[in-house]
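What follows is the residue order along each chain.
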Amino acid sequence: MSAAGEANESATSANAPVITVDGPAASGKGTIAAGVAQAQGFHLLDSGSLYRLVALQALESGIALDGGAALASAAENLDVVFAGGRIRLESRDVTDRIRGEDVSAAASQVAVHAAVRTALLGRQRAFRRWPGLVADGRDMGTVVFPDARLKVFLTASPEERAYRRYKQLIEKGISSTIDGLLRDIRERDARDAERVVAPLAPAADAVVLDTTGMTIAAAVRFVLDRYQATGPDRPEAPAGKVDR
Ligand code: CDP
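### A word on the overall build of the protein
Next up, step 1: What the protein contains, in helices and strands, is 10 helices and eight strands.
Next up, step 2: Taken over the C-alpha trace, the protein has a radius of gyration of 18 Å; the compact-globule value for 244 residues is 18 Å, and the two agree within 12%.
Next up, step 3: Judged by the C-alpha coordinates and their principal axes, the protein covers about 65 × 40 × 35 Å.
Next up, step 4: Within the protein, buried positions represent 37% of all 244 residues.
Next up, step 5: Sequence separation of 24 or more characterises 78% of the internal contacts of the protein that already satisfy a separation of 6 or more.

Now the structure itself:
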């Protein structure tokens, strides 16, 4: 593609509609975001996977979880490929590995560093492309895509979230206890909500949805209805190319 073509591409990508889905651990963000993306034919950004990848790299290469500069450098240099629902780090499939509870706990420690968050910003924004993007995480509506068309903040009681995570792990054949998961979720909630940089909180213009006792299908429907109510998508003609 020509340099001008690339410039046009990025100019239009910046206008692509974004739906943000933020919320605490195991609130259903990932599943609901994926359902909405599929229904709309939109791209999907699971921003938590980036923090998990940095955490895995740190655990494996002995980078201290309190070393902001070294972690940021690892974040900057992540050699990752997202394709066909799988995640490859330096050519190794780590899709399941990064869901482990050790990586989950390390990810929320990695995520407190401002330098790490800054290092991941461009990588996250690069996911914004036509026909649109659904981005899930903690700060999608507040920091990464403040101009999103629709911002949703999901909540659910800690007990329900621990139970959901328990069922997910059982399905994967990983043993755990609800008490242990509840404790981990509470610790992670506290760390995510209390950190100084991009703390977990709904954007002022977010729609808050409590999914306790709600099915996934109903939550997806809710988001799609809200999105449709924001009006039609208006793709802009690429700059410099005028249709006559
Ligand atoms: O699905 P779950 O909430 O368990 O985890 P996740 O979304 O994959 O995020 C893992 C960790 O990364 C979280 O505990 C947050 O500390 C951090 N994170 C973040 O700080 N900002 C984001 N946009 C996404 C995740």
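### Details of the confidence of the model for the protein
Next up, step 1: For the protein, the average pLDDT comes to 90, and 91% of its residues sit at 70 or higher.
Next up, step 2: By mean pLDDT, helix α1 (residues 3-13) is the weakest element of the protein at 50, and strand β1 (residues 18-22) is the strongest at 98.
Next up, step 3: This stretch, residues 1-11, has a pLDDT under 50; its non-local contacts, to residues over four places away or in other chains, come to eight contacts.
Next up, step 4: For residues 239-244, every residue scores under 50 in pLDDT, and the model assigns this stretch seven contacts once sequence neighbours within four places are set aside.

### So, the sheet that holds strand β3 (residues 80-83)
Next up, step 1: Read across the sheet, three strands follow the order β3-β4-β5 without closing on themselves; strand pairing throughout is antiparallel. Two strands bound the open sheet, and with one partner strand each, they are β3 and β5 (92-93).
Next up, step 2: Two strands pair when backbone bridges link them, and β3 and strand β4 (residues 86-89) are joined in this way by four bridges, in the antiparallel orientation. Looking across to β4, one finds that V80 is bridged to L89.

### Considerations on the nonpolar core
Next up, step 1: Membership of the largest hydrophobic core comes to 28 residues, with the highest contact counts inside it found for I19, V134 and A135.
Next up, step 2: Secondary-structure elements contributing two or more residues to this core are β1, α2 (29-40), β6 (133-137), α7 (140-144), β7 (150-155) and α10 (216-228).
Next up, step 3: Apart from the residues lying within four places of it in its own chain, the contact partners of V134 are I19, V21, A33, V36, A37, F42 and L44.
Next up, step 4: Counting 23 residues, the second largest nonpolar core, distinct from the first, contains Y51, A74, A107 and V110.

### Remarks on the sheet that holds β1
Next up, step 1: The parallel open sheet is built from five strands, whose spatial order is β2-β6-β1-β7-β8. In the strand order of this sheet, the two ends are held by β2 (43-46) and β8 (207-210), each with one partner. Averaged over all neighbouring strand pairs, the angle between strand axes comes to 20°, with direction disregarded.
Next up, step 2: Bridge count for β1 against β6 is five bridges, and the pairing is parallel. Its bridge partner being in β6, D22 is matched across the sheet by G137.
Next up, step 3: Packing of α2 onto the sheet brings it into contact with β1, β2, β6 and β7, and relative to β6 it is tilted by some 180°.

### What to know about unusual backbone geometry
Backbone phi values are negative for most residues with the exception of glycine, while trans is the configuration of most peptide bonds.
Next up, step 1: A cis geometry characterises the amide bond from W130 onward to P131, with omega recorded as 5°.
Next up, step 2: Along the chain, P131 falls in the loop between α6 (114-125) and β6.
Next up, step 3: Backbone geometry at A198 places phi at a positive 45°, although glycine is not the residue there.
Next up, step 4: Within the element layout of this structure, A198 appears in the loop between α9 (178-194) and β8.

### Re helix α5 (residues 101-110)
Next up, step 1: Turning to α5, its buried residues number three or more, namely V103, S104, A106, A107, S108 and V110.
Next up, step 2: Looking at the buried positions of α5, the neighbouring elements they touch are α3 (47-61), α4 (68-76), α6 and α9.

### Thoughts on the site of the ligand
Next up, step 1: In the neighbourhood of the ligand, 16 residues make up the surrounding shell, with G48, Y51, S108, A111 and G137 lying closest.
Next up, step 2: Mapped onto the shell around the ligand, the elements with two or more residues apiece are α3, α5 and α9.
Next up, step 3: Counting residues per element, the shell around the ligand draws most heavily on α3, at four residues.
Next up, step 4: Along the lines of polarity and charge, the residues of the shell around the ligand split into five nonpolar, six polar and five charged.

Each value, and the rule that gives it
Residues numbered from 1 in each chain as written. Predicted model: local features only at pLDDT ≥ 70, side-chain atom pairs only at ≥ 80, totals over all residues. Helix = DSSP H or I, 4+ residues; strand = E, 2+ residues; numbered from the N terminus. Rg over C-alpha atoms; globule rule 2.2 N^0.38 Å. Buried ≥ 20, exposed ≤ 12 C-beta atoms within 10 Å, placed from the backbone. Contact = placed C-beta atoms within 7 Å. pLDDT = per-residue confidence, 0-100. Pairing = 2+ DSSP bridges. Core = buried A, V, L, I, M, F, W, Y, C linked by C-beta atoms within 7 Å. Axes fitted to C-alpha atoms, helices over the stretch in contact; angles between N-to-C directions. Near = placed C-beta within 6 Å. Nonpolar A, V, L, I, M, F, W, Y, C, P; charged D, E, K, R; others polar.

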